[in-house]
Amino acid sequence: MKDVHKSSTDFDSDPGGSLFDPGARAAMTRFTAGDDTLALEAATAVRTAFNAVERMRAHGAQGRGLSTGALDLLMRLSASTDDGISIGELAQSAGVSSRNVTGLVDTLERDGLVRRVPDRHDRRSVLAQITPDGQAWIESFRRPTQAAMAAIFRDFTPAELTQLRHLCLRLAENQHRAFQHLTRPEGTGDAEP
């Protein structure tokens, strides 16, 4: 896989030693007409980091015939109970639409990695369940994935990884609260998100 994205040679360090993207900083400075760019630069850095991790995941998964979305669902299913997981629960846990999950489950089912089974507790519902071939696929992917993530997060301390995880999840929480505030019907309160 050709990597046409930014490398560490595209970044500079500020006086405190923190990395920044000079192109992103210049673009954000123009965008904000000279106002503070730190939050916008941070958002750009999150996107850059996300893309780097996804490129690595995609590289390993595509060689094995799965998109990163299908890989994510298969991993979630491999950790589920023997009964399986509903499409709605998969969608909610993955943060995507049920329609998207249905298409991914269709693909995984066609490849023999997942099957749909009736819900023992609700005859109207269907669950997605990993197959033995799907579990074998996950097992064969485990070591290469661990090696790839170790390479991406090389030289990060456990404390830095914990902080990174925490900060990313705080971003997700803030986005959720802001979205709830923005989609709340008018007249239901003026509290800030």
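Below is a short write-up of the structure. (Residues numbered from 1 in each chain as written. Predicted model: local features only at pLDDT ≥ 70, side-chain atom pairs only at ≥ 80, totals over all residues. Heavy atoms only, no water.)

Moving on, we come to the pairing of strand S5 (residues 122-130). Two strands pair when backbone bridges link them, and strand S3 (residues 85-86) and S5 are joined in this way by two bridges, in the antiparallel orientation. From the neighbouring strand, isoleucine 85 faces S5, where its bridge partner is alanine 128. Turn length for the strand S4 (residues 114-119)-S5 hairpin, with the two strands adjacent in sequence and antiparallel, is two residues. (Pairing = 2+ DSSP bridges. Helix = DSSP H or I, 4+ residues; strand = E, 2+ residues; numbered from the N terminus.)

Here we take up the environment of leucine 38. Tracing the sequence through the fold places leucine 38 in helix H2 (residues 38-62). Between the alpha carbons of leucine 38 and arginine 25 there is a distance of 8.5 Å; along the sequence they are 13 residues apart.

Another point: the sheet that holds S5. The sheet built from three strands is open, its strands ordered S3-S5-S4 with antiparallel pairing. This sheet does not close on itself; its edge strands, each paired only once, are S3 and S4. Sheet strands touched by helix H5 (residues 98-110): S4 and S5. Its angle to S4, the strand with the most contacts, is close to 115°. (Contact = heavy atoms within 4.5 Å. Axes fitted to C-alpha atoms, helices over the stretch in contact; angles between N-to-C directions.)

For the structure on display, the rule yields eight salt bridges. For the salt bridge of arginine 120 with aspartate 83, the shortest nitrogen-to-oxygen distance reads 3.0 Å. Of this pair, arginine 120 sits in the loop between S4 and S5 while aspartate 83 sits in the loop between helix H3 (68-78) and S3, placing them 37 residues apart in sequence. Across the pair aspartate 155 and arginine 154 runs a salt bridge, and its minimum N-O distance is 3.5 Å. The same class applies to aspartate 155 as to arginine 154, namely exposed. What emerges from the salt-bridge pattern is a single network uniting Asp106, Glu109 and Arg116. (Salt bridge = Lys/Arg side-chain N within 4 Å of Asp/Glu carboxyl O. Buried < 20%, exposed > 50% of the residue type's maximum accessible area, 1.4 Å probe, protein only.)

Across the interface, H3 lies against H5 with an axial gap of 10 Å and an inter-helix angle of 80°. Overall, the two elements H3 and H5 adopt an arrangement that is roughly perpendicular. Of H5, the residues touching H3 (which contributes Gly69, Ala70, Leu73 and Leu74) are Val101, Leu104, Val105 and Leu108. Grouping the constituent residues of the contact of H3 with H5 by class yields seven nonpolar, one polar and no charged. (Parallel < 35°, antiparallel > 145°, perpendicular 65-115°, else oblique. Nonpolar A, V, L, I, M, F, W, Y, C, P; charged D, E, K, R; others polar.)

Everything listed here is a matter of coordinates, which is why it stays silent on function.
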